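Understanding the architecture of this molecule
The primary structure of each chain is shown beneath.
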Amino acid sequence: MTKDNILAGCRILIMATDGFEQSELEVPFQRLEDAGAEVEIASIDDDDITGWDEDDWGDEVEVDLKIADVDTDRYDALVLPGGQINPDLLRVEDKAISIIRAFSGAGKPVAAICHAPWLLVEAGLASGKRMTSYKSIRTDVANAGAQVVDESVVVDGNIITSRCPDDLPDFCNAIVAAVADRKARA
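Note that the structure is predicted; figures quoted are calculated from it, not measured. (Residues numbered from 1 in each chain as written. Predicted model: local features only at pLDDT ≥ 70, side-chain atom pairs only at ≥ 80, totals over all residues. Heavy atoms only, no water.)

What follows concerns the overall build of the protein. A count of helices and strands for the protein gives six helices and 11 strands. Against the compact-globule benchmark of 16 Å for 186 residues, the protein has a radius of gyration of 15 Å, which places it among compact chains. If one aligns the C-alpha atoms of the protein with their principal axes, the spans along those axes are about 40 × 35 × 30 Å. By residue count, 51% of the 186 residues in the protein fall in the buried class. Look at the contacts in the protein between residues 6 or more apart in sequence, and 67% of them connect residues 24 or more apart. Element-wise, carbon and sulfur atoms account for 42% of the exposed surface of the protein, whose accessible area totals about 8200 Å². Across the protein, the 17 positively charged side chains and the 37 negatively charged ones have centroids separated by 9 Å. (Helix = DSSP H or I, 4+ residues; strand = E, 2+ residues; numbered from the N terminus. Rg over C-alpha atoms; globule rule 2.2 N^0.38 Å. Buried < 20%, exposed > 50% of the residue type's maximum accessible area, 1.4 Å probe, protein only. Contact = heavy atoms within 4.5 Å. Areas by Shrake-Rupley, 256 points an atom, 1.4 Å probe, with all protein chains shown as cover. Lys, Arg positive; Asp, Glu negative; His and termini not counted. Charge placed at Lys NZ, Arg CZ, Asp CG, Glu CD.)

Tracing the backbone through its elements, the reader meets Asn86 in helix α2 (residues 85–90). For Asn86, a relative accessible area of 0% puts it in the buried group. Among the polar contacts listed, one links the side chain of Asn86 to the backbone oxygen of Gly82, at a separation of 3.5 Å. Setting aside its immediate chain neighbours within four residues, Asn86 contacts Ala16, Thr17, Asp18, Gly19, Phe20 and Pro81. (Polar contact = N/O pair within 3.5 Å; in protein donor to acceptor, adjacent residues only side chain to side chain.)

Pairing is mixed in the open sheet, where seven strands are placed in the order β5-β2-β1-β6-β7-β11-β10. The two strands at the open ends of the sheet, each matched to only one other strand, are β5 (65–66) and β10 (153–156). (Pairing = 2+ DSSP bridges.)

Moving on, we get to the layout of surface pockets. Taken as a whole, the largest pocket spans an internal volume of roughly 210 Å³. If you go around the largest pocket, you meet 13 residues; those closest to its centre are Glu21, Gly83, Gln84, Cys114 and His115. Within the lining of the largest pocket, the residues separate by chemical class into six nonpolar, four polar and three charged. (1 Å grid on protein atoms, 1.4 Å probe; cavity = no way out; pocket = protein on both sides within 12 Å on 5 of 7 lines; lining within 4 Å. Points joined across faces, edges and corners; volume = space filled by probe spheres on them. Nonpolar A, V, L, I, M, F, W, Y, C, P; charged D, E, K, R; others polar.)

Right, let's talk about the packing of helix α1 (residues 22–34) against helix α6 (residues 168–185) for a bit. Any two packed helices are characterised by the angle at which their axes cross and by the distance between the axes. One can describe the packing of α1 onto α6 by two numbers: an axis separation of 10 Å at closest approach and a directional angle of 45°. Considering the angle they form, α1 stands oblique to α6. Here α1 runs over α6; the crossing is right-handed. Contacts between α1 and α6 involve Ser23, Glu24, Val27, Pro28, Arg31 and Leu32 on the former and, on the latter, Leu168, Phe171, Cys172, Asn173, Ile175 and Val176. Considered class by class, the residues forming the contact of α1 with α6 number eight nonpolar, two polar and two charged. (Axes fitted to C-alpha atoms, helices over the stretch in contact; angles between N-to-C directions. Parallel < 35°, antiparallel > 145°, perpendicular 65-115°, else oblique. Left-handed = near helix turned anticlockwise from the far one by under 90°.)

On to helix α3 (residues 94–105). For α3, with 12 residues, the first-to-last C-alpha span of 16 Å sits near the 16 Å given by 1.5 Å per residue. Looking at α3, one finds that the buried residues are Ala96, Ile97, Ile99, Ile100, Phe103 and Ser104. Along α3, the residues classed as buried sweep out an arc of 155° about the axis, all on the same side. Residues of α3 that are exposed and point over 90 degrees away from its buried face: Asp94 and Gly105. Tucked into the core, α3 has its buried residues touching β1 (11–15), β6 (77–80), α2, β7 (110–113), α4 (117–122) and β11 (159–162). Directly after α3, the chain includes Gly107, whose backbone phi takes a positive value near 75°. (Expected span 1.5 Å × (residues − 1). Arc of directions from axis to C-beta.)

So this is what it looks like as structure tokens:
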């Protein structure tokens, strides 16, 4: 994909740990970089993290900073990849949840795909929102007060959600559009 620079000058944070769905981190990372954004990955510690690629462990990805060192004021949006393991590990990390709340509270785009809406539930951001997620956690999302729909991407205010890797083109386009819109209004 050709670099279009619509997000030049923007910084995007991807928060993940071991067990992230490989494509759900790599595809948004590349799409956002192609759009001109600087993208960084934060994790629980500064060791490389390993993805989950369909049925087995995937590739390692380099971590730029620890979640404990994240300054949300330095970023324009937050992306939360799914996978079963990754969001389950992150939702018990107080600092990770406080980062999600800080992005949302500042009106910055918060994008969660697959199982990552669990993190939005844990952060108290699902209630009253129209959202989607991977089918196995839709009851959890609904029980947290969200109106759950079965669509490739759902944008409700600054919250962006998608169901699975098949939705990545729509998910990435929604993130780019939300960040570009916020940049234009700044």
